[in-house]
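# Close look at the chain arrangement
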Amino acid sequence: MDGGMRVHLQRSRFGSAHALLGVTVVALLAALSATTLNGQRGGVFRESRDHPAIRYSNGPTTDAVTALNDAVQAGDLELAFEPTTGYLHSILTALNVPVESQVTVFSQTSFQANRISPENPRAIFFNDTVAVGWVRGGDVLEIASLDPTQGVLFFSIDQKPVERPQIQRNDRCLACHLSWDTLGVPGLITLNTLPMPDDPNAYAVGWTTDHRSPLSDRWGSWYVTGAPPALSHLGNTAEPMEYLPGGPSDPAPELATLEGLFDLSGYPTPYSDIVAMLVLEHRNHMTNLVVRIGWEARVVGHAPQTTGGTSRDQPQIDLADTAEELVDYLLFIDEAPLPAGLRSTSGFAERFSAQGPFDNQTRSLHQLDLGGRLLRYPCSPLIYAAAFDALLPEALAAVYERMWTVLSGAAPEPRYERLSREDRLAIVEILRETKTTLPEYFHGDVL
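What counts, and at which threshold
Residues numbered from 1 in each chain as written. Predicted model: local features only at pLDDT ≥ 70, side-chain atom pairs only at ≥ 80, totals over all residues. Heavy atoms only, no water. Helix = DSSP H or I, 4+ residues; strand = E, 2+ residues; numbered from the N terminus. Contact = heavy atoms within 4.5 Å. Buried < 20%, exposed > 50% of the residue type's maximum accessible area, 1.4 Å probe, protein only. Phe/Tyr/Trp six-rings, centres within 6.5 Å; stacked < 30°, edge-to-face > 60°. Axes fitted to C-alpha atoms, helices over the stretch in contact; angles between N-to-C directions. Parallel < 35°, antiparallel > 145°, perpendicular 65-115°, else oblique. Left-handed = near helix turned anticlockwise from the far one by under 90°. Pairing = 2+ DSSP bridges. Nonpolar A, V, L, I, M, F, W, Y, C, P; charged D, E, K, R; others polar.

## Topic: the environment of Pro 251
Topologically, Pro 251 is positioned in the loop between β10 (222-223) and α6 (274-302). For the pair Pro 251 and His 233, spaced 18 residues apart in sequence, the C-alpha to C-alpha distance is 6.6 Å. Pro 251 has contacts with Ala 230, Leu 231 and Ser 232, leaving out every residue within four places of it along the chain.

## So, the environment of Pro 197
With respect to the helices, strands and loops of the structure, Pro 197 is situated in the loop between β8 (191-193) and β9 (203-208). Accessibility expressed as a relative area gives 31% for Pro 197, which makes it partly exposed. Linking Pro 197 and Ala 238, residues 41 residues apart in sequence, is a C-alpha distance of 9.4 Å.

## Quick notes on the packing of aromatic side chains
Applying the stated rule across the entire model yields 14 aromatic pairs. When the ring of Tyr 400 is compared with that of Phe 442, the centres are 5.8 Å apart and the planes differ by 75°; the resulting orientation is edge-to-face. Within this pair, whereas Tyr 400 is found in helix α10 (residues 393-407), its partner Phe 442 is found in the segment after α11 (421-434), the two being separated by 42 residues in sequence. The interplanar angle of 45° and the centroid separation of 5.2 Å between the aromatic rings of Trp 404 and Phe 442 together place this pair among those described as tilted. With Trp 404 in helix α10 and Phe 442 in the segment after α11, the pair connects residues that are 38 residues apart, well separated along the chain.

## Digging into the packing of helix α7 (residues 319-330) against α10
A pair of packed helices can be characterised by two numbers: the angle between their axes and the separation between those axes. Running from amino to carboxyl end, α7 crosses α10 at an angle of 55°, the nearest separation of the two axes being 9 Å. By the criterion of interaxial angle, the relationship of α7 to α10 is oblique. For the crossing formed where α7 meets α10, the hand is right-handed. Here Leu 319, Ala 323, Glu 324, Leu 326, Val 327 and Leu 330 of α7 lie close against α10, whose contacting residues are Glu 394, Ala 395, Ala 398, Val 399, Arg 402, Met 403 and Val 406.

## Here's the deal with the sheet that holds strand β7 (residues 167-169)
Each strand in a sheet pairs with another by means of backbone hydrogen bonds, the pair being arranged parallel or else antiparallel. Across the sheet, which stays open at both edges, the 7 strands sit in the order β7-β6-β5-β4-β3-β2-β10 with antiparallel pairing between neighbours. Each having just a single partner strand, β7 and β10 make up the two edges of the open sheet. Two elements, strand β3 (residues 122-126) and strand β4 (residues 130-134), share 4 bridges in a ladder whose sense is antiparallel. From the neighbouring strand, Phe 126 faces β4, where its bridge partner is Ala 131.

## Here we look at the packing of α6 against α7
Two elements in contact, α6 and α7, have axes separated by 10 Å at closest approach and are oriented at 165°. The pairing of α6 with α7 is recorded here as roughly antiparallel in orientation. As α6 runs across α7, the sense of the crossing is left-handed. Across from Glu 281, His 282, His 285, Met 286, Leu 289, Val 290, Arg 292, Ile 293, Glu 296 and Ala 297 in α6, the residues of α7 making contact are Leu 319, Thr 322, Ala 323, Glu 325, Leu 326, Tyr 329 and Leu 330. Of the residues assigned to the contact of α6 with α7, the class counts are 10 nonpolar, 3 polar and 4 charged.

Here you go:
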């Protein structure tokens, strides 16, 4: 692993690298890369996911997918099975996941790796708290769901027609989705891998990205539609490439749609929308930050209390530091600049921006900008997620206090200068009308 956080994995003598790019290799890519490509990294959750305060494996769950499965098993809801796509459309409809969110990736980064290729990419669909992965011809649908207290849960549903299909927890996903890159909690990542040559001595190269990463370092082995001409990124090619992080790169092939690249039978749309990609990357890391501070607060609250000192069993967790990292990301303080000319070819941007809640000026934190930055009002809409409101009071207090320090204009650090007073005031005004748990001090003056 070099300074650019590239991870190299040599092909096995006993099989091709493409066969290896399943769970084992992806788990190593995720575990070893340990940071986003631009070198930014904060803290990680260091306790067990089954710490008594967490009980990830067997604690009670109330997420949308658990509720859906309960409804199916009770006979209150039927899931329709269709040729080619199986339960995909029924699941998307039941979970309110828009087909316009479709993005496609052809790296073999799934436990269904042997079915994924540039001619048969994996399609991912998502909303703020649920993601669904579909592989044409695959054995299962893969689903991730953000539970209000337990964090990101992983599920699968067999692609076989039965009267009451079971949506089951699938912790095999943790081989990839529990690492330094997910902040030590079961979480979400956007993984980039460079296409590999057909060479038995070749290496797999991969890293994770989020909204802080330069576009030139993103989307290796992803298809991307709607990018402006001459934009440099790593998507839209299955050809092997030489690449140095942060170095010059050629413009990527421009795609308006996926038509003509491969057989689109079964794919709900002919797009892999660039705006959906941008939202997905933000949302993935934001989710992990919310889960981490929630788990840390629960561990701190569970630790033995002592008088006259700190128990040696007391976890060394500073919620204020964790909150600062979360708030910086929530408010897009380190967002990489976006170019002009981004187009949502699938209709995703219109659907995403139409979401509320709205204030009395019809402003919403879901509204997109795309004129140099992602959001019109740079504050993550995941602030409305049930997992955010379910944070313990100590965690919520730490996050809100840091948010107000930044939004009120009291934060002295130069990095906050990029957030104009106009932006800060708009965010505060929107939150005052749309966020019921907002502390009273958010009604103070914005400097």
